[in-house]
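Letter by letter, the chains look like this.
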Amino acid sequence: MSSLKEQDKAYVAGTYARFPVEIHSGKGSIVKDETGKEYIDMGSGIGVTAFGIADDAWQQAVVQQLGKVQHMSNLYYTSPCAELAQLLCQRTGMKKVFFANSGAEANECAIKVARKYAAQKKGPEYSTIITLKNSFHGRTLTTLAATGQEHYHELFQPLTPGFVHCEAGDLAGLEALVKEYKVAGLLMEVIQGEGGVIALDPDFVKGAAKLAQEYDFLLMVDEVQTGNGRTGKLYGYMNYGIQPDVVTTAKGLGGGLPIGAAILGEKAQDVLGFGDHGSTYGGNPVCCAGAISVLSRMDDAFLAEVEAKGKWIFETLKGAKGILSVSGMGLMVGIETVGNAGEIVRECLNKGVLCLTAKTKVRLLPALNIPMDVLKKAVEMVKEVCAAKA
Ligand SMILES: *Cc1c(COP(=O)(O)O)cnc(C)c1O
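Reading the values: the criteria
- Residues numbered from 1 in each chain as written.
- Predicted model: local features only at pLDDT ≥ 70, side-chain atom pairs only at ≥ 80, totals over all residues.
- Heavy atoms only, no water.
- Buried < 20%, exposed > 50% of the residue type's maximum accessible area, 1.4 Å probe, protein only.
- Helix = DSSP H or I, 4+ residues; strand = E, 2+ residues; numbered from the N terminus.
- Pairing = 2+ DSSP bridges.
- Contact = heavy atoms within 4.5 Å.
- Polar contact = N/O pair within 3.5 Å; in protein donor to acceptor, adjacent residues only side chain to side chain.
- Salt bridge = Lys/Arg side-chain N within 4 Å of Asp/Glu carboxyl O.

Draft legend 1. Structural detail: the pairing of strand β7 (residues 183-188). The element β7 is extensively covered by neighbouring structure, given that six of its six residues are classed as buried. Bridge count between strand β5 (residues 128-132) and β7: four bridges; the pairing is parallel. Of the residues in β7, the one forming a bridge with I129 is G185. Of the strand pairs in this sheet, β7 and strand β10 (residues 218-222) are connected by four bridges, and their pairing is parallel. Counted as the bridge partner of L187 is M220 from β10.

In structure tokens form, the structure reads like this:
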């Protein structure tokens with residue numbers, strides 16, 4: 001471990017503060033370090049490994065595709081890409097899909113779609129994208145501009161122009177921005193993940209959807225973290241009774257392989273034409289085969305279990321010693337603690353449970369198929385540590 005630590009420090013760009021643990025292997029929601037010590041994984045790679053580590057069905061789908069063709073350029077047809085696009089459209093009622101490789105790239109595509117839609121319909125001056133304060137949309141210069149948190153912007157100026165930020169929940173403020181600027185689209189997370197696992201107010205979400213209709217700009221929902229079963233519905237917006245024009249997703253979609261998608265509704269489906277956008281790896285057959293395996297197993301019964309597990313976590317942690325509040329939906333949980341969240345996560349790690357933070361909260365994003373007994377063990381441990389650190 002110490003030589004790995006030195007090697008990593010010497011050669012890997014220093015953008016990540018890593019925990020002093022080497023993750024060597026795993027199965028489901030249990031991972032092992034190089035000495036064989038076991039941990040319960042309550043982060044699933046920041047909500048990525050939806051069916052856990054080295055899931056059998058996922059692995060089989062991926063390996064099978066690897067043996068056929070691992071990559072072709074988008075100059076040719078491959079079947080996993082079309083099959084996954086059809087599956088996504090059938091499950092959302094949306095019309096077409098552009099495949100990218102990450103959440104940030106999915107959002108880049110959505111922003112291009114909104115700008116071209118508005119430019120063609122109303123004129124190129126309709127270019128402003130509204131996003132919410134405290135949001136997170138990615139690390140590229142454009143998605144940083146979309147991200148409504150100043151501290152990510154420092155030292156990377158100038159960012160892509162044309163973004164304004166609205167207070168989440170302030171519908172009157174949103175309407176004022178819509179009247180002040182020539183707006184192409186609104187991009188928002190229905191539950192702000194990196195911002196502290198904060199669900200938007202349903203009236204605000206419905207009101208925003210209505211404004212998008214009235215003023216004919218695109219309603220884009222960033223489902224990179226909330227998507228693919230995480231909240232107990234297939235996509236987070238489905239908890240709110242709205243129909244977005246664009247849904248972006250990534251993280252859990254590939255089950256552990258890099259894939260992003262911008263899913264386009266009625267209004268947005270034909271905006272992009274030949275040459276407007278592209279990606280060398282986009283729609284990669286191996287990533288798509290993994291995503292088909294993930295998505296096709298998320299039926300109503302599976303999603304109901306995610307919801308029930310989430311409810312159990314909320315009931316177990318709410319009002320417990322050292323816990324001020326519990327937020328989120330399904331298996332996307334934020335815990336406001338009396339003790340320092342970073343210290344609590346470090347202590348959980350020592351005790352064999354891997355957790356995340358989101359701002360000042362402890363965040364849990366376990367694999368969606370985590371067995372109830374494993375989940376209970378981990379949550380009881382988190383509860384104990386929160387009490388001890390209070
Ligand atoms: C993680 C995340 C992103 C960025 O995804 P990358 O794959 O890291 O580019 C964008 N939006 C939300 C809501 C996220 O949680």
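Draft legend 2. Geometry of the environment of G148. As for its placement among the helices and strands, G148 is situated in the loop between α6 (141-146) and β6 (163-166). Residue contacts for G148: discarding those within four places in its chain leaves L132, K133, N134, S135 and H165.

Draft legend 3. Quick peek at the side chain of Q225. Secondary-structure assignment places Q225 in the loop between β10 and β11 (246-249). A distance of 2.7 Å separates polar atoms of two side chains, one belonging to Q225 and the other to R363. Discounting residues that sit within four places of it in the chain, Q225 has contacts with G193, E194, R230, K251, M332, R363 and L365.

Draft legend 4. Spotlight on the pattern of salt bridges. Evaluated as defined, the whole model comprises twelve salt bridges. Across the pair E167 and K133 runs a salt bridge, and its minimum N-O distance is 3.8 Å. One end of the pair, E167, is in the loop between β6 and α7 (171-180); the other, K133, is in the loop between β5 and α6, and 34 residues separate them in sequence. Owing to a relative accessible area of 45%, E167 belongs among the partly exposed residues under this scheme. E175 serves as the salt-bridge partner of K179, at 3.6 Å between the closest nitrogen and oxygen. With K179 and E175 both in helix α7 and four residues apart, the pair spans about one turn of that helix. Among the residues examined, K179 registers a relative accessible area of 57% and is labelled exposed. Residue E175 is classed as partly exposed on the basis of its relative accessible area, which comes to 28%. Among the ionic contacts, a cluster of salt bridges with common partners joins K121, D216 and K267.

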